[in-house]
Amino acid sequence: MFVLELTYTAPLDRVDPLLAEHIAWLDGMYAQGVVIASGRKNPRDGGVLLAVGDDRAHVERLAAADPFVTAGVAAYRVTEFAATRTAPELAAYREQPAS
């Protein structure tokens, strides 16, 4: 599982015009089953996505395709972790840590 922390690298007046494209990209990530939760940070200086997948390079490529990133107004920090405990509703995403 991955935590993707999005940080704006440009002022909001450059970010906001790209919001519809970013949301469309997010919709695609949800449809593919890659993103399972997302939202804005508070204060609004970026966002956080919770993503699933076995291939970090694949998740990083998807993040690089975010319109915010391709337009140069944001950057992602990707953190991989083993979700060994979850709420019952997320049981399908539980993992065993690598030995």
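Conventions we followed
- Residues numbered from 1 in each chain as written.
- Predicted model: local features only at pLDDT ≥ 70, side-chain atom pairs only at ≥ 80, totals over all residues.
- Heavy atoms only, no water.
- Core = buried A, V, L, I, M, F, W, Y, C linked by side-chain atoms within 4.5 Å.
- Buried < 20%, exposed > 50% of the residue type's maximum accessible area, 1.4 Å probe, protein only.
- Helix = DSSP H or I, 4+ residues; strand = E, 2+ residues; numbered from the N terminus.
- Pairing = 2+ DSSP bridges.
- Axes fitted to C-alpha atoms, helices over the stretch in contact; angles between N-to-C directions.
- Contact = heavy atoms within 4.5 Å.

1. Observations regarding the nonpolar core
As a rule of thumb, soluble globular proteins bury nonpolar side chains together.
Right, on to step 1. Ranked by internal contacts, the top residues of the largest apolar core, which has 22 residues, are Leu 4, Leu 49, Phe 68 and Tyr 76.
Right, on to step 2. Elements that contribute at least two residues to this core include exactly β1 (2–8), α2 (19–31), β3 (46–51), α3 (56–64) and β4 (74–80).
Right, on to step 3. With four residues, the single largest contributor to this core is β1.

2. What about the sheet that holds β3?
Strand pairing in a sheet is mediated by backbone hydrogen bonds. Such pairs are either parallel or antiparallel.
Right, on to step 1. Spatial strand order, β2-β3-β1-β4: four strands in an open sheet with antiparallel pairing. Sheet topology places β2 (35–40) and β4 at the edges, where each strand pairs with a single neighbour. Averaged over all adjacent pairs, the angle separating strand axes in this sheet is 15°, with direction ignored.
Right, on to step 2. Relative to β4, β1 runs antiparallel, the two being bridged by seven bridges. When the sheet's bridge partners are listed, Glu 5 is paired in β4 with Arg 77.
Right, on to step 3. Running over the sheet, α2 touches β1, β2, β3 and β4 and is turned about 155° from β2.
Right, on to step 4. Contacting β1 and β4, α3 runs over the sheet at an angle of about 160° to β4.

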